[in-house]
Amino acid sequence: MTFAQFVQMFANGTMLGFQLSLFATGLTLVYGIMHIINFAHGELYMIGAFAVWFFFEELGINYLASLALAMAFVASLAITLERIFFKPMRGYHIPSFIMSTGLIFVLQVSIISFFGVKDKGVESVFPGLVKIAGVTLSVERLMIIPISLVVIVVFYVFLRWSRYGRAMRAVMQDPDGAALQGVSIDTVCSLAMGIGGAMAAAAGGLLAPIFVVNPFLGPPLAWEGFIVVCLGGRTSLPGTILAAFIMGYIKSFVSTLVDPIAALMCAAAILGVILIVRPQGLLGYEA
Amino acid sequence: MKRRNLLGKKVGIAAVIVAFGLLPVFTQSPYWMHVFILMWIYIIVTASLRFTITMGEWSFAHVPLMGMGGYASALLAMKLGLSFWVALPLAVLITAFIAVFVYLPCLPTTGTFFFFASYAFGEVMRLCWVRFKNPFGGPAGLLFIPAPGPIRIPGIPAIEFGPLSKIPYYYTVFVFMLLSLLILYRLEQSRLGRIAEAVKESNLLAQFVGIRVWRYKMVILLIGSAFAAIGGSLYAHYTTLIMPVDFYWGLGIYIIIYTVVGGTRHFGGPIVGVFLFVLLRELLRPIVMYVPLVYGLILAGTLVFLPEGLISLPEKISAWAMKKKIAAA
Amino acid sequence: MDEPSPKPILEIRNITKNFGGLTALNDVSFDLHPGEILGVIGPNGAGKTTLFDVITGRYRPSGGKVFHKGEDITGLKPHQIVQKGISRSFQLEVLFKNLSVFKHLVMSRHLHTQVGFWGSFFRTPGNRKEEEATEAEALELMRFVGLEVQGDRLGGNLSHGYQKSLGIAMALGPAPEILLLDEPLSALSPKRVTDILDLIRAIRDKGVTVMVIEHNMGALFRICDRVVVLSVGEKIAEGLPEEIKHNQRVIEAYLGGAVRA
Ligand SMILES: Nc1ncnc2c1ncn2[C@@H]1O[C@H](COP(=O)(O)OP(=O)(O)OP(=O)(O)O)[C@@H](O)[C@H]1O
Ligand SMILES: [Mg+2]
């Protein structure tokens, strides 16, 4: 392995880490607050990518504005899904998981019927290459880092200092919701779905120019996100972010050094081992 | 009254069996034969999944283990030249043996943890088929899996399996399905089934009346895997090609959806589920693209409004009618 | 102990149990003698239930040992402990919610059920006889604890009092030599309390050694021969009921903690 190769893998891993952080935060929020496992979260990512493609490529709106619009759109979609489908499922892990797979079908087919199954490309917004430490990296990939950092920081500020954010944290730490401070549990649940959806859409929109956009992006990412959530501790947001980077680097390094199938095997094995050996995850509290 | 009901039920079931047994007399269309052959295979896999659920844990490794049955049986036939009739029982044993290693690490966990841990190990097993070209054939899987050898019964011409007619396959799979259902039903009614029920109701109390919970869970999971392997082996030798993606979690989810929508509490639930979804798929063939959408909506509707599955519908309706009657009186 | 006692049937030796940072039991030792009724009392959170959990193999102790008739049974699994003839009831009802009372009691006879796998699978005539034997035993148990009219009701639908009786019956199913009862009298009406006390006496008269956790000391002291007192994980007293009533440390422990007697 040359140094250049290492830097390349490291940069890729970092990018994947940010993608997974944005994506898995929503999964952790809805798990922590509603105790549901929502695999349709991957579809929110996919729809976010489609929305950015639609606003940016088809309607010609500015990229960052498209991203914001996509986040708003997906957030409202997520809240609608929560109200209709997940409300009765609160607290039931496996039934909610099964329900969410049903929603995967519904959302996938809806997107296919609007936009077809063909890959869509989103034109590069930040073209160009830079040389760092003698290694060539594309600007577009590097730009993911500041943008996702902004989204994550805004989210943390909200969580820490707003009344609603504090209520969300209170519910996650104390499932009986004793410390809701006058915020209704339904509001907290909707907020969690909405914020989670917006962050998934952000991840989808950010990666749209790098990867292709198609209706089948969701489920594989949903699995990865779920593994991240379990590894991090299921209700711990810092744990989720730590686990996202661990997964990002494993994926990047193992894929390059061994092969992509080996990376998938590693991910599945991590899921199995963590669930059995340390069910509270890396940073979660003892169940 | 109860007796008459029971007799009526038996007659009904016998009539259904005879009707489907005579199906090839009415239609020999390869298309419909194909639909029904796959349906019988799904019923074996779904009913055996429900059997494992009777002890309270949901396995997500069931479909990968079905694949293991298919791969084992196909490889025995292709590499060792064994006949299907020998390969199938051997594949069942091999699958049960491998299932020990898939499930053993999962056993200390329960509920959600068991479900996803079993997925994880099943998935690792499945990825082995993708990764190791020799002997599993990699992502392209195994091609040209030999058909079952002819059945020779003295006095009548040998029954040949081949591309010309699907009828021998139809009857083979049909008989395997009936036998599997019979065995699973008897198991559930036997002492093993009662122990499973107790373990499901309270793992803790079961231990304290002296039940070795781990051992019984394992036995039940292995029996489930054995029947999944029968389904996999039949599938492999019928379709003559299998690929790792055939046993991806997509099929696992379908099998779970059949089970849930049909109802897990009753033996007949998953059978109803498979019938409904397979026939629905045929009805919706003109708008085949929307099939998953319809599936998803049916699933969501069932989970919200009929959590015990479609099979509980008659019960629910009669309870509702009773209430009306009482209210009127 | 004034009178010389026979060899203990159960010896608890220096049992310690930690849950993370919390010490639920700290160096607890005492003996259980054959044929006696031993009361275990202590304020909430004293570690009484944890003691039962350690004896019956639900938790492995952090330190110390349990001997049954001189044999080390520390760390055995619950089903192995039951096979040794030690069985227990639960403080909060642990039941098969969707099974009938009758099916509960059939299950409780698991260890003594002769029904074989193949016989049961093929429904052989011999199997029918074995099933009938178990069913008769289940009925007998139902009568013994006064549940004979409730046979068809589901465990989850029983009233609190009947659930308590069913809990005791489940513990009697394995035909134990030692029976551990965790708060069998809690939240019962005075009439039911007397019934259950009579039941416990009847169990003892059958030769079963009984250990009872109970907060209702007035009732407990009417039946028990000796008492062990736990407080915040430590054994603070052991002796005859009369001695315990006037023991200064016990009174302080109860005044310091929540009094529920
Ligand atoms: N599984 C566990 N994990 C962590 N702590 C536990 C666990 N079980 C019990 N504890 C703690 O151990 C201490 C002793 O609990 P235990 O249930 O034995 O008390 P107890 O004497 O039975 O009280 P009560 O009279 O209320 O039933 C308590 O502080 C309890 O919170
Ligand atoms: Mg207690």
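Because the structure is a prediction, the values reported are computed rather than measured.

S.K.: How would you summarise the pairing of strand E10 (residues 234–239) of chain C if you had to cite specific residues and measurements?
M.R.: All names here are of chain C. Across five bridges, strand E9 (residues 226–231) lies against E10 in antiparallel orientation. Note that in E10 the partner of valine 228 across the bridge is glutamate 238. Turn length for the E9-E10 hairpin, with the two strands adjacent in sequence and antiparallel, is two residues, and the turn residue valine 232 shows positive phi of about 45°.

S.K.: Please give an account of the coordination of the magnesium ion (ligand 2) that cites residues and values.
M.R.: Octahedral metals with six donors have ideal donor angles of 90 or 180 degrees. Tetrahedral metals with four donors have an ideal donor angle of 109.5 degrees. All names here are of chain C. Looking at the magnesium ion (ligand 2), one finds its protein donor set to be Thr49 (OG1) and Gln91 (OE1), positioned 1.9 to 2.1 Å from the metal centre. Linking threonine 49 in helix H1 (residues 48–55) with glutamine 91 in the loop between strand E6 (86–88) and helix H3 (101–108), this pair joins segments that are 42 residues apart in sequence. Residue classification places glutamine 91 among the partly exposed residues on the basis of a relative accessible area of 29%.

S.K.: Go over the interface of chain B and chain A with me, naming the residues and quoting the values.
M.R.: Counting residues at the interface gives 38 residues for chain B, matched by 38 residues for chain A. Of the roughly 3,200 Å² buried at the junction of chain B and chain A (both faces included), carbon and sulfur atoms supply 88%. Contact with chain A buries area across many residues of chain B, yet Phe113, Phe116 and Arg131 of chain B alone supply 20% of it, more than any other trio. Where chain B meets chain A, there are one salt bridge. When the shortest N-O distance is used, the salt bridge between arginine 131 of chain B and aspartate 259 of chain A registers 2.8 Å. In this structure, the connection of chain B to chain A is made through two residue pairs in polar contact (both at pLDDT 80 or more). Those elements that provide at least two residues to the side of chain B that touches chain A are helix H6 (111–131), helix H12 (249–262) and helix H14 (291–305) of chain B.

S.K.: If you had to explain the environment of lysine 131 of chain A to someone new, which residues and values would you point to?
M.R.: The residue lysine 131 of chain A is located in strand E1 (residues 129–132) in this model. In this structure, the C-alpha to C-alpha distance between lysine 131 of chain A and valine 277 of chain A, residues 146 residues apart in sequence, is 43 Å.

S.K.: Tell me about the sheet that holds strand E2 (residues 22–32) of chain C, and please be specific about residues and values.
M.R.: Residue and element names in this part refer to chain C. Taken together, the four strands give an open sheet; going across it, the order is E2-E1-E4-E5, and neighbouring strands pair in antiparallel fashion. Two strands lie at the open edges of the sheet, namely E2 and strand E5 (71–72), each paired on one side alone. The sheet contact formed by strand E4 (residues 63–68) and E5 spans two bridges and is antiparallel. Looking at the pairing, histidine 68 lines up with glutamate 71 of E5.

S.K.: Go over the layout of surface pockets, please, and point to the residues and values.
M.R.: By volume, the second largest pocket is sized at about 920 Å³. Surrounding the second largest pocket, 28 residues form its lining, Pro108, Thr109, Gln207 and Trp214 of chain B together with Arg58 of chain C being those nearest its centre. Among the elements of the structure, helix H10 (260–277) of chain A, helix H10 (203–208) and helix H11 (213–239) of chain B together with helix H2 (78–83) of chain C are those that each provide at least two residues to the lining of the second largest pocket. Of the residues forming the lining of the second largest pocket, the biggest block, four residues, is contributed by H11 of chain B. Looking at the lining of the second largest pocket residue by residue, the class counts come to 13 nonpolar, eight polar and seven charged.

S.K.: Run through the interface of chain C and chain B, naming residues and quoting values.
M.R.: At the interface, 27 residues of chain C touch 22 residues of chain B. When chain C packs against chain B, close to 2,500 Å² is buried across both sides, 66% of that on carbon and sulfur atoms. On the chain C side of the interface with chain B, the three residues burying the most area are Phe96, His110 and Phe121 of chain C, jointly 25% of the side's total. For the pair chain C and chain B, the number of links is one salt bridge. A salt bridge links arginine 194 of chain B to glutamate 131 of chain C, with the nearest nitrogen and oxygen atoms 3.2 Å apart. At the boundary of chain C and chain B, one finds eight residue pairs in polar contact (both at pLDDT 80 or more). The residue inventory of the side of chain C that touches chain B, partitioned by class, reads 14 nonpolar, seven polar and six charged.

Parameters and conventions
- Residues numbered from 1 in each chain as written.
- Chains lettered and ligands numbered in written order.
- Predicted model: local features only at pLDDT ≥ 70, side-chain atom pairs only at ≥ 80, totals over all residues.
- Heavy atoms only, no water.
- Pairing = 2+ DSSP bridges.
- Helix = DSSP H or I, 4+ residues; strand = E, 2+ residues; numbered from the N terminus.
- Donors = N, O, S within 2.8 Å, 3.2 Å for Na, K, Ca; no water.
- Buried < 20%, exposed > 50% of the residue type's maximum accessible area, 1.4 Å probe, protein only.
- Contact = heavy atoms within 4.5 Å.
- Buried area = accessible area lost by both parts, 1.4 Å probe.
- Salt bridge = Lys/Arg side-chain N within 4 Å of Asp/Glu carboxyl O.
- Polar contact = N/O pair within 3.5 Å; in protein donor to acceptor, adjacent residues only side chain to side chain.
- 1 Å grid on protein atoms, 1.4 Å probe; cavity = no way out; pocket = protein on both sides within 12 Å on 5 of 7 lines; lining within 4 Å.
- Points joined across faces, edges and corners; volume = space filled by probe spheres on them.
- Nonpolar A, V, L, I, M, F, W, Y, C, P; charged D, E, K, R; others polar.

Everything listed here is a matter of coordinates, which is why it stays silent on function.
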